[in-house]
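Remarks on the overall topology
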Amino acid sequence: MKSLILAAGAFALSGTMAFAAAHAETVRLGTEGAYPPYNFLNDAGEVDGFERALGDELCARAELTCEWVTNDWDSIIPNLVSGNYDVIIAGMSITDERDEVIDFSDPYTQPDPSAFVAMAEGDLSSGVIAAQAGTIQASYVATEMPDATLLEFATPEETVAAMRNGEADAVIADKAFLEPVVAEGDVMFVGEDILIGGGIGLGIRESDGELKAKFDTAIQSMKDDGTLNALIVEWLPGSATF
Amino acid sequence: MFAYCTDPASLDGLAWLSCYLTTGKHMNFYWSFGTVLLLLAITAPTALLFGYAGASAARSTLAPLRWFGQIYMAIVRSVPDIVFFLFFVIALDQGIEYLRHVTLCPDWDQPVRQGNDFVVCTAAKMPLGNAPQWMHEIYGAGLAVLTFALVFGAFAANVLFGAMRAVPRAQLETAEAYGMTRRQVTRRVLVPQMWVYALPGLSNLWMVLIKATPLLFLLGVEDIVYWARELGGTKSPRFTDYPHGDWRVYYFGFLLLFYLAFTKVSEVVLSRLMARLTLGQATAGGEAQRKAA
């Protein structure tokens, strides 16, 4: 609900300058390419995953030509606001903090639970927890788990590796990312899932109201005809649908 | 790549490996070696040029030029590299786009800074928003080369500045006594003799530059370390035809060998160059060469 109000507020705000910016025909989509199943590089070295399928479909519906670009997670927001690409589509949860800097489209996933994964059962409240830097999970550990030690890494891959080699007791990330990790068999989910963040949305410059409106319409049409749910079922098994 | 690669799960041993090592992703990895070598080949001479210009400016008799050279060396050497690579590039990019914006879209009435956003008119985008991806990559690489050259140029300027002062004063005085102008002294006596003093410092810089390539990814250039990390990471069978565990150690081991071989070759070349430059110089090395001959 909160995210709805925020999105509505942001929409009203951006509506006033909706026709301010002229747009090139080509829209550049920035992603991380290291967060399966949301986005990753396939064997051919191309961006693939849930967001690839989603982004291509959204662009087709909004009648935009889209180009995929990969960018480091750390600098993904600064590069958006300085105009190196036009949209962030990188499994980015909608949060108030980020919303102050950029705008978000309507969410295209339900708030996805985050989960802990560890080698063995144990009490995590005072353990060492690995998380990717600049994520909602990292700020969750920093603020909600006062006795735990937060260990931050630049890529999601490194957080899992740190847990496997014993540097960290557990790793926290979106459950959909950890699902395939657990499926390999040597690690397990520990503790309760936690609900943080307001769903995942496209990150768009605050001055780009027109583009945001186009994507909101496209997302809504995918929600209405069930194609978004089909994509979620295909790529993010276990996640809630709309 | 090979015909038998259609179903990798059924392969094993060398056949599997030959398919695995020729995926599109691995091809990108191999290409990135070329990119890195090419960027180094462009950056090193550019940095040397910046260094020479900086050192010459710092020695100038014109006070403003001298201050400029000294300020360039002092500021760039004291700002952390990472700050340069994160902020300077974005600022440079925005500066270029702003200049284009002012000249190409004089009728634009919106502010360029809208909160956090940097908004210029479509025609001022650099490169244009609808340009193909390779244009963006070339532009990114160009910015990278310029930034590297600027940073390493400041260090090189300092090395060359010191080297110029290390040339024995008597050599320059003799040239002056022959009636050479200041320009002639510089070109015929100072510059040919300074390299022997500059080379140890410059070779250090070269070695550091070789290993600084991972900074390229901050600038959007996918370098060898980026691909090694990407390829070596755990791959689960859901997302690839070639699942494997954490193989980063092998990829980084390979990079280690590459860097060792590269620096070894550099060392050999540099020591030959040193021997060549020492010839006939009034240094301990030159004296040793003279006695051995």
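Bear in mind that the values here come from a model prediction, so they are computed numbers and not experimental data.

1. Observations concerning the overall build of chain A
Counting its secondary structure elements, chain A contains nine helices and 13 strands. A separation of at least 24 residues holds for 69% of the contacts in chain A among residues at least 6 apart in sequence. Entry remark: accessible area of chain A is about 9,400 Å², with carbon and sulfur atoms responsible for 55%.

2. With respect to the overall build of chain B
Of the regular secondary structure elements, chain B holds ten helices and two strands. Here the C-alpha atoms of chain B give a radius of gyration of 25 Å, more than 25% beyond the 19 Å that 2.2 N^0.38 yields for 293 residues. Evaluated residue by residue, chain B yields a buried proportion of 43% over its 293 residues. For chain B, restricting intrachain contacts to residue pairs at least 6 apart in sequence, the fraction spanning at least 24 positions comes to 68%. Split by element, the accessible area of chain B, about 15,800 Å² in all, is 67% carbon and sulfur. Taking the 23 positively charged and 18 negatively charged side chains of chain B as two groups, their mean positions are separated by 16 Å.

3. Some points on the layout of surface pockets
Approximately 590 Å³ is the volume found for the second largest pocket. Taken together, 38 residues form the lining of the second largest pocket, with P36(A), E157(A), G233(B), T234(B) and K235(B) sitting closest to its centre. Those elements that provide at least two residues to the lining of the second largest pocket are β3 (39–41), α6 (156–164) and α7 (175–183) of chain A together with α2 (24–58) and α8 (224–232) of chain B. Partitioned by chemical class, the residues of the lining of the second largest pocket number 16 nonpolar, eleven polar and eleven charged. Split by domain, the lining of the second largest pocket shows at least three residues from each of two domains, domain 1 (2–110 + 198–235) and domain 2 (114–194) of chain A.

4. As for the nonpolar core
Generally speaking, a soluble globular protein has its nonpolar side chains buried in company with each other. Among the nonpolar cores identified, the biggest contains 115 residues, and F50(A) and F215(A) are the most heavily contacted of them. Per-element accounting of this core gives the leading share, 17 residues, to helix α5 (residues 133–166) of chain B. Taken together, domain 1 (2–110 + 198–235) and domain 2 (114–194) of chain A each give at least three residues to this core, which thus spans both. In contact with F215(A), other than residues within four places in its own chain, are V27(A), L29(A), L58(A), C59(A), L64(A), V87(A), L202(A) and I204(A). Counting 16 residues, the second largest nonpolar core, distinct from the first, contains F116(A), L124(A), I129(A) and V141(A).

5. With respect to the state of the cysteines
Note on terminology: a disulfide is the covalent bond linking the sulfur atoms of two cysteines. Residue and element names in this part refer to chain B. Tallied over the entire structure, the rule returns three disulfides over all chains. Here C5 is linked by a disulfide to C19, with a sulfur-sulfur distance of 2.0 Å. Its torsion about the S-S bond being -90°, the disulfide of C5 and C19 is classed as left-handed. With C5 in the segment before α1 (13–20) and C19 in helix α1, this residue pair connects regions lying 14 residues apart in the sequence. Disulfide pairing is shown between C105 and C121; the S-S distance is 1.8 Å. Residues C105 and C121 share a disulfide whose torsion about the S-S bond is about 70°; that sign makes it right-handed. Highlighted residues: C105 in the loop between α4 (81–104) and β1 (113–114) and C121 in the loop between β2 (117–118) and α5, separated in sequence by 16 residues.

6. A look at the domain arrangement of chain A
Residues and elements named next belong to chain A. We note that the domain assignment places domain 1 (2–110 + 198–235) and domain 2 (114–194) within chain A. Counting residues at the interface gives twelve residues for domain 1 and eleven residues for domain 2. On the domain 1 side of the interface with domain 2, the three residues burying the most area are Y35, Y38 and W73, jointly 42% of the side's total.

7. Focus on the interface of chain A and chain B
Taken together, the contact between chain A and chain B spans 44 residues of the former and 39 residues of the latter. Buried surface at the junction of chain A and chain B, summed over both partners, amounts to about 3,300 Å²; 48% is from carbon and sulfur atoms. Our enumeration of links across chain A and chain B arrives at zero salt bridges. Viewed at the interface, chain B and chain A are joined by 13 residue pairs in polar contact (both at pLDDT 80 or more). Breaking the side of chain A that touches chain B down by element, the ones donating at least two residues are β1 (26–31), β3, β5 (65–70), α3 (76–81), α4 (96–101), α6 and α9 (227–235) of chain A. Taken together, the residues of the side of chain A that touches chain B break down into 19 nonpolar, 13 polar and twelve charged.

8. A word on empty space enclosed by the protein
On inspection of all chains with the given rule, the structure shows five cavities of 30 Å³ or more. Computed from the structure, the largest cavity encloses a volume of approximately 160 Å³. Lining the largest cavity are 18 residues, with Y35(A), Q132(A), T135(A), Q137(A) and D174(A) positioned closest to its centre. Secondary structure elements with two or more residues in the lining of the largest cavity: β9 (128–132), α5 (136–144), α6 and β11 (170–174) of chain A. Broken down by element, the lining of the largest cavity gets its largest block of residues, three residues, from β11(A). Per-class residue counts for the lining of the largest cavity are nine nonpolar, six polar and three charged. Taken domain by domain, the makeup of the lining of the largest cavity includes at least three residues from each of domain 1 (2–110 + 198–235) and domain 2 (114–194) of chain A. In terms of lining residues, the second largest cavity is bounded by V36(B), L39(B), L40(B), T43(B), A144(B), V145(B), F148(B), L209(B), T213(B) and L216(B). Counting residues per element, the ones that place at least two in the lining of the second largest cavity are α2 and α5 of chain B.

9. A word on the pairing of β1(A)
Residue and element names in this part refer to chain A. A large share of β1 lies buried, amounting to six of its six residues. Side chains of β1 alternate between two faces, with T26, R28 and G30 and V27, L29 and T31 buried alike. Here six bridges tie β1 to β5, and the two strands are oriented parallel to one another. Along β5, the bridge assignment pairs T26 with T65. As defined by bridge partners, β1 adjoins strand β6 (residues 87–88) across two bridges and the pair is classed as parallel. Directly across from L29, in β6, lies its bridge partner V87.

Conventions used here
Residues numbered from 1 in each chain as written. Chains lettered and ligands numbered in written order. Predicted model: local features only at pLDDT ≥ 70, side-chain atom pairs only at ≥ 80, totals over all residues. Heavy atoms only, no water. Helix = DSSP H or I, 4+ residues; strand = E, 2+ residues; numbered from the N terminus. Contact = heavy atoms within 4.5 Å. Areas by Shrake-Rupley, 256 points an atom, 1.4 Å probe, with all protein chains shown as cover. Rg over C-alpha atoms; globule rule 2.2 N^0.38 Å. Buried < 20%, exposed > 50% of the residue type's maximum accessible area, 1.4 Å probe, protein only. Lys, Arg positive; Asp, Glu negative; His and termini not counted. Charge placed at Lys NZ, Arg CZ, Asp CG, Glu CD. 1 Å grid on protein atoms, 1.4 Å probe; cavity = no way out; pocket = protein on both sides within 12 Å on 5 of 7 lines; lining within 4 Å. Points joined across faces, edges and corners; volume = space filled by probe spheres on them. Nonpolar A, V, L, I, M, F, W, Y, C, P; charged D, E, K, R; others polar. Domains from an automatic or database assignment. Core = buried A, V, L, I, M, F, W, Y, C linked by side-chain atoms within 4.5 Å. Disulfide = S-S within 2.5 Å. Buried area = accessible area lost by both parts, 1.4 Å probe. Salt bridge = Lys/Arg side-chain N within 4 Å of Asp/Glu carboxyl O. Polar contact = N/O pair within 3.5 Å; in protein donor to acceptor, adjacent residues only side chain to side chain. Pairing = 2+ DSSP bridges.

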